[in-house]
Every structure is written in C-alpha cells, then in structure tokens.
Amino acid sequence: MPIYEYECRGCGRRFEQLVRTGDTPACPSCSGQDLQRLLSHTAVSTEHTRQNSFNKARARAKLVQRDKDVAQAEYERKHHEEGH
Ligand SMILES: [Zn+2]
C-alpha cells in the first residue's frame, strides 16, 4: 500500500495517508476531500516513512520467524514422539 502526502485545499493541512485502491482519503482536520497529492514532496518525506515501515517489517519478520521456529520445534517433537 502506497503512502501519499496530501495538502488539503480547504484548510492547507498537510498529511500522509495510506491509500488503498479505491479509497478516497479525507483531510484529518476538516474531512475535506479536495486534496492535492504532493508528488515531489513524497520522495523526500517517505524516506523516513520507508525506514520506519522497514523496521516494522523487520520486527514483524522476526516475530514470524519465531513462530516458525516454535512450529518447527513442535513439529519435530511430535514427529519424534510418533516415531516411538
Ligand atoms: Zn482540510
């Protein structure tokens, strides 16, 4: 899901918004949907966001990995027991 930066034409508020396909973002200040997408700004501002989500993704991957390890250990234990 892409994150876009918008500027509200109604009140001038700038905000970043995760936009799903088909979603129409609304201004968090005035709920207006007359928004200007700030394309040029996005490349700069998403660097931080990307780093952020990268860290989150890595943390999530670690969690998943731990779950897998647990599942694998569980599987091996059961397999071992059934072998007897
Ligand atoms: Zn607004």
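The paragraphs below set out a description of the structure included in this document. (Residues numbered from 1 in each chain as written. Predicted model: local features only at pLDDT ≥ 70, side-chain atom pairs only at ≥ 80, totals over all residues. Heavy atoms only, no water.)

## Remarks on the pairing of strand 2 (residues 14-18)
Bridge count between strand 1 (residues 3-8) and strand 2: five bridges; the pairing is antiparallel. Across the sheet, residue Ile 3 finds its bridge partner in strand 2, namely Leu 18. The antiparallel hairpin formed by strand 1 and strand 2 contains five residues in its connecting segment, where Gly 12 sits at a positive phi of about 85°. (Pairing = 2+ DSSP bridges. Helix = DSSP H or I, 4+ residues; strand = E, 2+ residues; numbered from the N terminus.)

## Comments concerning the sheet that holds strand 3 (residues 35-37)
Sheets are built from strands paired through backbone hydrogen bonds, the pairs being either parallel or antiparallel. Read from one edge to the other, the open sheet built from three strands follows the order 2-1-3, with strand pairing classed as antiparallel. Pairing within the sheet leaves two strands with one partner each, and these edge strands are strand 2 and strand 3. With strand direction ignored, the average angle separating the axes of adjacent strands in the sheet is 40°. Inspection of the sheet shows strand 1 paired to strand 3 by three bridges, in the antiparallel sense. Within strand 3, the residue paired with Cys 8 across the bridge is Leu 35. (Axes fitted to C-alpha atoms, helices over the stretch in contact; angles between N-to-C directions.)

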